[in-house]
Amino acid sequence: MAAVITKETIIGEVLDIAPQTAPLFLAIGMHCLGCPSSRGETVEQACMVHGIDCEGFLERVNMFIEASEKNKEAE
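Definitions and cut-offs
- Throughout this document, residue positions are counted from 1 along each chain, in the order its sequence is written.
- Where totals are concerned, whole chains, interfaces and linings use all residues; where local detail is concerned, this predicted model gives features only for residues with pLDDT of at least 70, and gives and counts side-chain atom pairs only at 80 or more.
- As a convention, hydrogens and water are excluded, and side-chain values are obtained from all of the structure's heavy atoms.
- To qualify as a nonpolar core, a set must consist of buried Ala, Val, Leu, Ile, Met, Phe, Trp, Tyr and Cys residues joined through side-chain atoms within 4.5 Å.
- Think of it in three bands: residues with accessible area under 20% of the maximum for their type are buried, residues over 50% are exposed, and the middle band is partly exposed, with areas taken using a 1.4 Å probe on protein chains only.
- Put simply, DSSP H or I for four residues or longer makes a helix, DSSP E for two residues or longer makes a strand, and each gets a number counted from the N terminus.
- Residues are treated as being in contact if the distance between any of their heavy atoms lies within 4.5 Å.
- To estimate how far a helix should reach, multiply one less than its number of residues by 1.5 Å.
- To obtain the arc, one takes the directions from the helix axis to the C-beta atoms.

Engineer: Outline the nonpolar core, listing residues and values.
Structural biologist: Formed by 18 residues in total, the largest nonpolar core has its most connected members in Ile5, Ile11, Phe25, Met30, Leu33, Val43 and Phe57. Among the elements that make up this core, the one with the highest residue count is helix H5 (residues 54-74) (five residues). The residues contacting Phe57, other than those within four sequence positions of it, are Leu24, Phe25, Ile28, Val43, Cys47 and Ile52.

Engineer: Which residues make up H5, and what values do they have?
Structural biologist: Relative to the 30 Å expected for 21 residues at 1.5 Å per residue, H5 spans 30 Å between its end C-alpha atoms, a close match to the ideal helical length. Inspection of H5 places Cys54, Phe57, Leu58, Val61, Asn62, Ile65 and Ser68 among the buried residues, and these make up the whole buried set. For H5, the angular spread of buried residues about the axis comes to 130 degrees, placing them on one side. Exposed and facing more than 90 degrees away from the buried side of H5 are Glu55, Glu59, Met63, Lys70, Asn71 and Ala74. Against the buried residues of H5 lie helix H2 (22-27) and helix H4 (43-50).

So this is what it looks like as structure tokens:
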């Protein structure tokens, strides 16, 4: 079962759980994924700072993680 990311999930945790999501963060302008302060922000905080709809972003992230997990299982 794929992990479910919520608005309260810390970005560092997202990247630890599903490093393959990094391009999704980069695509919406979150370019400082490696810096300590950004890794400590929640997804909601990061979306707010970058002017991104949090619910829509979470939907994309969770769908991406689920698809990645299904691809792993199929291999």
